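For reference, the chains in residue letters:
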Amino acid sequence: MSMELQLIDTIFFSDKRKNLLLFLKNGPKTIEEIKTELEVSSSPIMAQIRILIKDGLLVQKDEGYELSVKGKLIVPKMEPLLSTFRVFDENHDYWARQNLRTLPSHLLDRIGELGKCMELVPDRTHIFDYPPEIMDPLYRSKTVMEVSSFFRPGYPGLYLDLANKGIEVSMVLEKPIYRKLVSDYRQEVGEFINMENAQIFVCDNKIELASSLVTDRFISMSMISKDGRYYNHEMVSFEKSALEWGKELFNYYRDMAEQITQV
Amino acid sequence: MQSELIDVVFRSQKRRDLLLLLGEEPRTMEEIKVLLDVSPTAILPHIKRFTDSNLVIQKNGKYELTDMGNQVFKKARSLVDVLTLVEKDNYWIEHDLGGIPQYLLDRIGDIKGCNLVKADPSQIFEPSIELFNFFSSSRYLMVVSSFYRPEFLPLYSKLGRLDSEVSLIFTESVLDKFLHNYERKIRKFATMENTDLFVCKDGLKIAELIVSDRGMMISLFDSQGRFYHDYMSCYDPQAISWARELFDFYKSKALKVEDENIIDSFTSTSKDGAFSESLLLSCH
């Protein structure tokens, strides 16, 4: 049957030990570097270092410490686990409600890369818009990439405005959304796709996700719940790893879509 | 307030086992009882903790992981596999893992089921009967070897005649020695339909790897390059496919001995002790 696994206590149930192991993943560190990074004084951290050495996860090296062979096998598995748990813990009810399978599975497996997220729910006056908290960073972005399966009333105006300000704007839209956009705003769409820094891609497949907006400053996405319902909200992260994740999400849909060159 | 997932999953060994069990497939209470060897009263509070944390739901009389539970399971599984591997045996940390490429090292938890087979000191220089017998009824056999083991030659030939797929990767010194002593047999083996012979540079960082449909074995050198005749072996399908990938890694770096010309060039050059460098790709 299953093993007791003594090391679980060692690696998880002390924040000092856990953080130290993750810090040493980047290579050997001196005790001074450890104290500065973890903001600890000598004697409490030395006590934890001794435990980690005793359990064979750490070895002394020259003036500092580094992960042992055992540590190097284990610590890389801790990081994705802890980051996934953290993303779920911070917005537990949100993730429990959503249909996570609407994310491509290779990106769902890396959901921890979203890092610190916050859910923004617009007040009634902004109920069809992006929340005001992201409008400022949106206009400061250099590139804006959006994937969307629903129609935002702000579409032609906002995106045309961003493009006119010299921002690179790319959109992947589901076919029905594109059709609606063309029938309601033919002239604006024509103007938009004729700009050098603006692109529209149309996707024949269903985009399962509600929407994802990723720029060089933040990612803001919204999902459909398990019972198939949608309410206006944005899950926003400003972390670097999240931007990379969002770019891959955009590329995933762009790669199965076709660019529109004329209306 | 939800408690943190790390506590939900790892504070109790019962819950950890339950998560790993339900990660395989949905289970009824009856199955959980038997597989985890617990009473319903002992396990129900743990199930409730999981359902309260949105990791498990009850559906059609079975308990199953939610999408969130499945993500938590995947991350826990890969960590627990590595912890099991290192806590079960020190073999891996006492030996040189340099011969295993990073992408397979990342999945070393796949071979957590390996057991150490210690050499019997009285038989260290005898043919390894256990290995021979174990692999003798394989439907396919893949071998990477830094050793000259002439006692296995009959096994290779026998399996070859029985239409099993047999692929061998020898280092140049090992092939050299085989050719010196068994040139006819090796020539015959290399030209059979269902057999492949490859050669790679000396200095492999693994001592020996044998994979078949029946199981796998691997032996490594220690950090000083010493070899102790012990090996690790496992019959899990997961370990077998890991070992096959390791074999494929070595195959991609080896030269196929596919016609007799190569053997001719090998036997002629190796007489002066130098094998043509250009024939071999680096095995590192």
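This brings us to the pairing of strand β8 (residues 211-215) of chain A. The side chains of a regular strand alternate, residue by residue, between the two faces of the sheet. All names here are of chain A. Of all five residues in β8, five are buried, a share of seventy percent or more. Side chains S211, L213 and T215 project from β8 onto one buried face, and the interleaved S212 and V214 project onto a second face that is buried too. Across five bridges, strand β5 (residues 143-148) lies against β8 in antiparallel orientation. Note that in β8 the partner of S148 across the bridge is S211. Examined bridge by bridge, β8 and strand β9 (residues 219-222) share four bridges and lie antiparallel to one another.

Further remarks concern the interface of chain A and chain B. Residue-level contacts link 34 residues of chain A with 38 residues of chain B. Both faces considered, chain A and chain B share a buried interface measuring about 3400 Å² in area, 71% of it formed by carbon and sulfur atoms. When residues of chain A are sorted by the area they lose upon contact with chain B, L73(A), K77(A) and F85(A) head the list and together hold 20% of the total. Our count for the chain A to chain B interface comes out at two salt bridges. We note a salt bridge from D67(B) to R101(A), for which the minimum N-O separation is 2.7 Å. Connecting chain A to chain B are twelve residue pairs in polar contact (both at pLDDT 80 or more). When contributions to the side of chain A that touches chain B are tallied by element, the ones reaching two or more residues are α1 (7-12), α5 (69-90) and α6 (92-97) of chain A. Ranked by the residues each element gives to the side of chain A that touches chain B, the list is headed by α5(A), at 13 residues. Taken together, the residues of the side of chain A that touches chain B break down into 21 nonpolar, five polar and eight charged.

With that settled, the discussion passes to the sheet that holds strand β6 (residues 195-200) of chain B. All names here are of chain B. The eight strands are arranged β3-β9-β8-β7-β4-β5-β6-β10 in an open sheet whose pairing can be described as mixed. Edge positions in the sheet fall to β3 (115-117) and β10 (255-256), since each of these pairs with one other strand and no more. Strand direction decides the pairing type here: strand β4 (residues 140-145) and strand β5 (residues 165-171), joined by six bridges, are parallel. Within the sheet, the bridge partner assigned to M142 lies in β5 and is S167. Lying on the sheet, helix α9 (residues 153-161) is in contact with β4, β5 and β6; it crosses β5 at an angle near 150°.

On to the sheet that holds strand β2 (residues 58-61) of chain A. Residues and elements named next belong to chain A. The antiparallel open sheet is built from three strands, whose spatial order is β1-β3-β2. Each edge of the open sheet is held by one strand with a lone partner, namely β1 (29-30) and β2. Here four bridges tie β2 to strand β3 (residues 64-67), and the two strands are oriented antiparallel to one another. Its bridge partner lying in β3, Q60 is registered against Y65.

Time to look at the domain arrangement of chain B. By a widespread convention, an interface's size corresponds to the accessible area lost as its parts come together. In terms of domain boundaries, chain B breaks down into domain 1 (5-80) and domain 2 (89-279). The centre of domain 1 of chain B, based on its C-alpha atoms, is set 41 Å off from the matching centre of domain 2 of chain B.

This part covers the environment of R97(A). Residue and element names in this part refer to chain A. For R97, the location among the structural elements is in helix α6. Judged by relative accessible area, R97 falls into the partly exposed class, the value being 38%. Measuring from C-alpha to C-alpha, the distance between R97 and L24 comes to 36 Å, with 73 residues separating the pair along the chain. Separated by 3.0 Å, the side chains of R97 and Y231 make a polar contact.

What follows is about the domain arrangement of chain A. With domains assigned, chain A is organised as domain 1 (7-79) and domain 2 (92-259). Taken over C-alpha atoms, the centre of domain 1 of chain A sits 40 Å from the centre of domain 2 of chain A.

Once that is clear, we can look at empty space enclosed by the protein. Residues and elements named next belong to chain A. Taken as a whole and assessed by the stated rule, the structure comprises two cavities of 30 Å³ or more. Together, Y155, P156, Y159, L160, M171, L181, E188, V189, F192 and I200 line the largest cavity. Of all the elements in the fold, those that place two or more residues in the lining of the largest cavity are α9 (155-164) and α10 (175-193). For the lining of the largest cavity, the per-class residue count stands at nine nonpolar, no polar and one charged.

As a further point, take the layout of surface pockets. Of the voids in this model, the largest pocket is the one considered here, and its volume is about 760 Å³. Around the largest pocket sit 33 residues that line it, and E79(A), L82(A), S83(A), T84(A) and R86(A) are the ones nearest its centre.

Attention now goes to the packing of helix α2 (residues 15-24) of chain A against α5(A). Residues and elements named next belong to chain A. In the contact formed by α2 and α5, the axes pass within 10 Å of each other and the chain directions differ by 115°. As the angle between them shows, α2 and α5 are arranged roughly perpendicular. At the point where α2 passes α5, the crossing takes the left-handed sense. In this structure, α2 uses K18, L21 and L22 to contact α5, whose residues at the interface are V75, M78, E79 and L82. Partitioning the contact of α2 with α5 into residue classes produces five nonpolar, no polar and two charged.

Looking now at helix α2 (residues 13-24) of chain B. All names here are of chain B. Along its twelve residues, α2 runs 17 Å from first to last C-alpha, staying within 8% of the 16 Å computed at 1.5 Å per residue. Counting buried residues in α2 gives nine out of twelve residues, a clear majority hidden from the surface. Looking at α2, one finds that the buried residues are R15, R16, D17, L18, L19, L20, L21, L22 and G23. Backbone nitrogen of K14 and a side-chain oxygen of the N-cap are separated by 3.2 Å at the start of α2; the cap is S12.

Procedures and definitions
- Residues numbered from 1 in each chain as written.
- Chains lettered and ligands numbered in written order.
- Predicted model: local features only at pLDDT ≥ 70, side-chain atom pairs only at ≥ 80, totals over all residues.
- Heavy atoms only, no water.
- Buried < 20%, exposed > 50% of the residue type's maximum accessible area, 1.4 Å probe, protein only.
- Helix = DSSP H or I, 4+ residues; strand = E, 2+ residues; numbered from the N terminus.
- Pairing = 2+ DSSP bridges.
- Contact = heavy atoms within 4.5 Å.
- Buried area = accessible area lost by both parts, 1.4 Å probe.
- Salt bridge = Lys/Arg side-chain N within 4 Å of Asp/Glu carboxyl O.
- Polar contact = N/O pair within 3.5 Å; in protein donor to acceptor, adjacent residues only side chain to side chain.
- Nonpolar A, V, L, I, M, F, W, Y, C, P; charged D, E, K, R; others polar.
- Axes fitted to C-alpha atoms, helices over the stretch in contact; angles between N-to-C directions.
- Domains from an automatic or database assignment.
- 1 Å grid on protein atoms, 1.4 Å probe; cavity = no way out; pocket = protein on both sides within 12 Å on 5 of 7 lines; lining within 4 Å.
- Points joined across faces, edges and corners; volume = space filled by probe spheres on them.
- Parallel < 35°, antiparallel > 145°, perpendicular 65-115°, else oblique.
- Left-handed = near helix turned anticlockwise from the far one by under 90°.
- Expected span 1.5 Å × (residues − 1).

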